[in-house]
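Spelled out from the first residue to the last, the chains are:
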Amino acid sequence: MGLNPFEQNPTPLDCFYDWKGLYPYSYNKYEVDPYTRCRVILMNGAEVEAAFFSHQFFRNCPDEALRRELALTRRTEQQQQKRIQTLKPVNETPLEATIGYEQLAVDLTAGMAQTEPDSLVKSALDFALLEDFDHLYRYANLLEMDQGGQRAECLVGCYTEIMPGRPTISEHRFPKDDPRQFVDFSAADPLTRLHAQIITAAEQQTMNYYMNLCALYPNDLGRRLYQEIGMIEEQHVTQYGSLLDPRRTWLENLLEHEYTECYLYYSCYMTETDPHIRVMWEQHLNQEIGHLQKAAALLEQYEGKQWQQVIPQGEFPQLLQLHPNKEYVRQVLGNTVWNTAVIGGYQDVRQLPLDAPFCSYQQQVNNNPACEPAHQVIEKHICQYGKDYRYQQGPSPAPQLDCRVQDNIWVGREAPCLTGRQEG
């Protein structure tokens, strides 16, 4: 039987950190396990999501007493986020951190996809997985050029391969093709509800990071790459956010948010290898249990509902654990690299009709493929080093992506309207 956070004794809601407690020791970027770095990024994203949600609830709530309760728990959430954020050391560059963001995106998404019971949610995870996988490859090439030959496999600990996925140029889609059918949370498996909320928060954080970092990067090519991939992350947030059940009330959503945070902190606590950071996960877990129980009390007070009506199974399901997913990523890459999103699902771009919105959008955004930033990064690397940068343990499962002296800009993009070929 898993832990049931509704039955645990929490830290009091009015227990806050002083300045010493608010600024913990940072990890050593040369010694940290890559998945510890990923957990730090993940939990920072979870706390940012909690803060944003709480502020939106607060701004849309007319009840003053409830607004004060939200302000109380939000202050702790903000302190937790600030503690987690400063675990990143001052000597870790933004681009090194970006490699961690994309490694998290790859291995978090792949890990959840392999345990996801809902086929539609699994398809969404598999689809965006190949795009984040390609982003890791693009940033790794930029890293080697901009940071004196630094190789990204040292940052990912050889846990995650680095090679082309669905080319970034092929990821730009007409906006109406990104939303998916929302999940009925009242009937969904507990893992499905958790996965939808976790991946939305994680991708939202990545989008926010790239939005802000874009203008701060020290050269034009890097700025343009962050700008482009930031646009793709917006598409991912739209896809994943559309999976959330919009029929939940604000208080039901508050309960879901707090339960998800408890689940994540407990997962991190149970799998963390750094003893100093493991203590932090335990401290935050005990605080979040208090937030969860307060959310349950507010739900009963204002809506007359028991928490079991929203979360029927209080015990945590299978915990989240970051681990290598090389073979799974290869399988998805080999089978679905040509797919794009369309209204209602996904389709091989080579089968799209001539009037497909994907084609018209590509013709506008990528009317000159040579100018696309992600492509230019690889072309510049090839010019400088004679080939692209990769860390892979065998040929690509998509043979068209095996060439290391020329960047492929047609895989996942070779639709009839873009190549001039006719159907039939």
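Going by the structure above, here's the rest.
In this report, the structure presented in the accompanying data block is examined. (Residues numbered from 1 in each chain as written. Predicted model: local features only at pLDDT ≥ 70, side-chain atom pairs only at ≥ 80, totals over all residues. Heavy atoms only, no water.)

**Notes on the side chain of K29**
Here is step 1 of the chain: Within the element layout of this structure, K29 appears in the loop between α1 (19–22) and α2 (34–59).
Here is step 2 of the chain: The class of K29 is buried, set by a relative accessible area of 15%.
Here is step 3 of the chain: In this structure the side chain of K29 is engaged in a polar contact, spanning 2.7 Å, whose partner is the backbone oxygen of N91.
Here is step 4 of the chain: Here the side chain of K29 touches E96 through a polar contact of 3.0 Å, side chain to side chain.
Here is step 5 of the chain: In this view, K29 contacts R37, P89, N91, E92 and E96; residues no more than four positions away in its chain are not counted. (Helix = DSSP H or I, 4+ residues; strand = E, 2+ residues; numbered from the N terminus. Buried < 20%, exposed > 50% of the residue type's maximum accessible area, 1.4 Å probe, protein only. Polar contact = N/O pair within 3.5 Å; in protein donor to acceptor, adjacent residues only side chain to side chain. Contact = heavy atoms within 4.5 Å.)

**Digging into the packing of aromatic side chains**
Here is step 1 of the chain: On inspection of all chains with the given rule, the structure shows 17 aromatic pairs.
Here is step 2 of the chain: Between F53 and F57, the aromatic rings sit 6.1 Å apart at their centres with planes inclined by 55°, giving tilted as the arrangement. Taken together, the residues F53 and F57, both in helix α2 and four residues apart, mark about one turn of the helix.
Here is step 3 of the chain: For F53, a relative accessible area of 11% translates into the label buried.
Here is step 4 of the chain: According to the relative accessible area criterion, F57 is buried, its value standing at 3%.
Here is step 5 of the chain: Here Y265 and W281 contribute two aromatic rings whose centre-to-centre distance is 6.0 Å and whose plane-to-plane angle is 45°, an arrangement assigned as tilted. Of the two residues, Y265 is situated in helix α9 (residues 250–271) and W281 in helix α10 (residues 275–303); the sequence distance between them amounts to 16 residues. In this structure, Y265 and W281 share a single accessibility class: buried. (Phe/Tyr/Trp six-rings, centres within 6.5 Å; stacked < 30°, edge-to-face > 60°.)

**Details of the nonpolar core**
Here is step 1 of the chain: Residues L42, M43, I99, L108, I162, L255 and W281 are the most contacted members of the largest nonpolar core, which totals 118 residues.
Here is step 2 of the chain: Non-local contacts of I99, meaning those with residues more than four positions away in its chain, are made with L136, Y139, A140, L143, A152, L155 and V156. (Core = buried A, V, L, I, M, F, W, Y, C linked by side-chain atoms within 4.5 Å.)

**Notes on helix α5 (residues 119–146)**
Here is step 1 of the chain: Here α5 is 28 residues long and its end C-alpha atoms lie 41 Å apart, about the 40 Å a rise of 1.5 Å per residue gives.
Here is step 2 of the chain: Counted residue by residue, α5 has 23 buried out of 28 residues, so it is predominantly covered.
Here is step 3 of the chain: For α5, the capping residue at the N-terminal end is D118, with a side-chain oxygen 2.9 Å from the backbone nitrogen of L120.
Here is step 4 of the chain: Count one or two residues on from α5 and you reach G148, which has phi positive near 60°. (Expected span 1.5 Å × (residues − 1).)

**Some points on the environment of E258**
Here is step 1 of the chain: By the secondary structure assignment, E258 is in helix α9.
Here is step 2 of the chain: With near-sequence residues (within four places) excluded, E258 lies in contact with E77, E288, H291, L292 and A295.

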